[in-house]
Amino acid sequence: ATSTPGDLEIRRRVEAEQKAKSLAAQKTRAEHETLLATVERASEIGFSGGQPVLACVAFRSLLHWKSFELERTGLFDQIMGKMSGAVELNTDNNAQLTYWLSNTFALLHLLQRTLKTSGGAATRRRAGLGSGVGIFERFNSRLRAASAVAETGGKDEAVPGIPGVRQVDAKYPAFLFKQQLTAFVEKIYGFLRDNMKKEITPQLGSCIQAPRAARGGAAARRGAGGTQTATSTAEGGAHGPQLGTHWRAILDCLDALLVTFRANHVPVFLVRKFFTQIFCFINVQLFNALLLRRECCSFSNGEYIKTGLAELEVWLIESKEWTGTAWEELRYIRQAVQLLVIHQKPKKTLNEITLELCPVLSIQQLYRISTMYWDDKYGTETVSQEVLHAMKELMMKDQNTNMSNSFLLDDDSSIHFTIDDISGAPTAIDLDAVQVPPHLAKDPAFEFLLRSVSVSENGTA
């Protein structure tokens, strides 16, 4: 059969459409490859005005390409793969980890404020979810509804948006990407936390026992009838090579990481969460070690620990903007030390000890410290037998109501922030203020990055 002019025209039109689709697909792949290459070289990009360039560029690109609205796309998985690969190669490099933490957090923050998650029942009605709707769309809708409930506490509260950016009725791949980013933030945070624990743990064991030379020297300096203060005990110690060595090593670790956090513009709220957890760890390690080692429950060791804690307090005060209320996490070891160094212990009543001196310590903890206490400097005694007897009676009563009689503290290794914290974090990201990397600024396909975000995404110019 011969082709008619009409058939030829249809064939040409189909071929032209296929060619156009093929060219468009090639263009899209090229653009995606450029973005992925940018993710790979992210450490060369850095920050612009304190803002993570990679996060802003990636977000604007995904928004411009309408990637959040796609039912199916492999781009998000590819981005996560590049980011994960970079982090896995640098799990012991705090500078790299904080860089990726800052970028991942910023990207997650932008998504959290842009992707619509309040569709709920209205979304299901608009979609006409019923017997004729596929399982993929039903799952997509349930995920949106679940996200809305989880992130608003079940209330109809709109998450504040990003200036100049339209909110997007996102599809399942975008929500999955957001979940992956959330897990990635937690993973990087965990690497940093574990790195810090590894650095300071070897020092902590020596922070509860004063060097012998320091103990002997302090006793000799006191003399008969004199009063020894924490400051004078520290002379030749906290300010010298012996007494302050381990405490100083811990402070150096904390200080170095804080500098790294600030250099990589990690949000203040996240830094505060981090140091709160680290000081909780320090508290647990020092407190448990003290209660497990009788030789450390002495007057001079109490003074030594008190001096070290005072140095930590000074550091925390100087860094308060970034450390928040981390000092409160040391309350157990602080009160235990207070019981060790308090004078005239036999005159203290049980109420004075439990209500004024050591209100957070349990009776089991107080009894253990009191029975292990010894004075290697002045020969003072522990609390009175009457108080010890009262403590023992209270412990016997507790055994009948409390299954756990452990005097040790547990280390909390959970992540101390939620998706709500990320959404509500006071992170002011100005997308228009970010300087576009030169290799993207020269690429015509990324020309939209040079325009205002409101103009680029809303088509007002």
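Residues numbered from 1 in each chain as written. Predicted model: local features only at pLDDT ≥ 70, side-chain atom pairs only at ≥ 80, totals over all residues. Heavy atoms only, no water.

Quick notes on the packing of aromatic side chains
Part 1: What the rule picks out here adds up to 16 aromatic pairs.
Part 2: Measuring from centroid to centroid gives 5.9 Å for Trp65 and Phe446, while their planes differ by 70 degrees, and the two rings are edge-to-face. In this pair, Trp65 is assigned in the loop between helix H2 (53–64) and helix H3 (75–88) and Phe446 in the loop between helix H19 (438–441) and helix H20 (453–458), connecting sequence segments 381 residues apart. For the pair Trp65 and Phe446, a shared accessibility class is recorded, and that class is buried.
Part 3: Here the aromatic residues Tyr189, Phe261, Phe274, Phe275, Phe279 and Trp315 are joined through ring pairs into a cluster of three or more. (Phe/Tyr/Trp six-rings, centres within 6.5 Å; stacked < 30°, edge-to-face > 60°. Helix = DSSP H or I, 4+ residues; strand = E, 2+ residues; numbered from the N terminus. Buried < 20%, exposed > 50% of the residue type's maximum accessible area, 1.4 Å probe, protein only.)

A short note on the side chain of Asn103
Part 1: In this fold, Asn103 is placed in helix H4 (residues 94–112).
Part 2: A polar atom in the side chain of Asn103 sits 3.1 Å from the backbone oxygen of Tyr99.
Part 3: Not counting chain neighbours up to four residues away, the residues in contact with Asn103 comprise Pro52, Val53, Leu54 and Ala55. (Polar contact = N/O pair within 3.5 Å; in protein donor to acceptor, adjacent residues only side chain to side chain. Contact = heavy atoms within 4.5 Å.)

Re helix H10 (residues 245–263)
Part 1: Spanning 19 residues, H10 covers 27 Å between terminal C-alpha atoms, matching the ideal 27 Å at 1.5 Å per step.
Part 2: If you check which residues of H10 are buried, you get Trp247, Ile250, Leu251, Cys253, Leu254, Leu257, Leu258, Thr260 and Phe261.
Part 3: Against the buried residues of H10 lie H4, helix H7 (172–204), helix H11 (268–292), helix H12 (299–318) and helix H13 (320–323).
Part 4: Immediately downstream of H10, the backbone of His265 shows phi near 55 degrees, a positive value. (Expected span 1.5 Å × (residues − 1).)

Thoughts on the nonpolar core
Part 1: Residues Phe68, Trp100 and Phe279 are the most contacted members of the largest nonpolar core, which totals 126 residues.
Part 2: Here the element with the most residues in this core is H11; it accounts for 15 residues.
Part 3: Not counting chain neighbours up to four residues away, the residues in contact with Phe68 comprise Phe59, Leu62, Leu63, Phe76, Leu111, Leu115, Val168, Ala170, Lys171 and Ala174. (Core = buried A, V, L, I, M, F, W, Y, C linked by side-chain atoms within 4.5 Å.)

What to know about the packing of H11 against helix H14 (residues 331–341)
Part 1: Two elements in contact, H11 and H14, have axes separated by 8 Å at closest approach and are oriented at 35 degrees. Considering how the two elements wind past one another, H11 and H14 form a crossing that is left-handed. Together, Asn283, Leu286, Phe287 and Leu290 of H11 and Arg331, Tyr332, Ile333, Ala336 and Leu340 of H14 make up the contact between the two elements.
Part 2: For the contact of H11 with H14, the per-class residue count stands at seven nonpolar, one polar and one charged. (Axes fitted to C-alpha atoms, helices over the stretch in contact; angles between N-to-C directions. Left-handed = near helix turned anticlockwise from the far one by under 90°. Nonpolar A, V, L, I, M, F, W, Y, C, P; charged D, E, K, R; others polar.)

Considerations on helix H16 (residues 363–372)
Part 1: Extensive coverage of H16 is indicated by the burial of seven of its ten residues.
Part 2: For H16, every residue scored as buried is listed here: Ile363, Gln364, Gln365, Leu366, Ile369, Ser370 and Met372.

Here we look at the side chain of Thr354
Part 1: Topologically, Thr354 is positioned in helix H15 (residues 350–357).
Part 2: With relative accessibility at 18%, the residue Thr354 sits in the buried group.
Part 3: At 2.8 Å, the side chain of Thr354 forms a polar contact with the backbone oxygen of Leu350.
Part 4: Discounting residues that sit within four places of it in the chain, Thr354 has contacts with Pro359, Ile363 and Leu366.

Looking at the pattern of salt bridges
Part 1: This model, assessed by the stated rule, comprises eleven salt bridges.
Part 2: Arg166 is the salt-bridge partner of Glu69, the closest N and O atoms lying 3.2 Å from each other. Taken together, the residues span a long stretch of sequence, with Glu69 in the loop between H2 and H3 and Arg166 in the loop between helix H6 (135–152) and H7 at a distance of 97 residues.
Part 3: Classification of Arg166 as partly exposed rests on a relative accessible area of 22%.
Part 4: One salt bridge connects Glu447 with Arg451, and the closest N-O pair in it is separated by 2.3 Å.
Part 5: Overall, Glu447 belongs to the partly exposed group, its relative accessible area being 36%. (Salt bridge = Lys/Arg side-chain N within 4 Å of Asp/Glu carboxyl O.)

In short, the description is geometric, and any link to function would need to be established separately.
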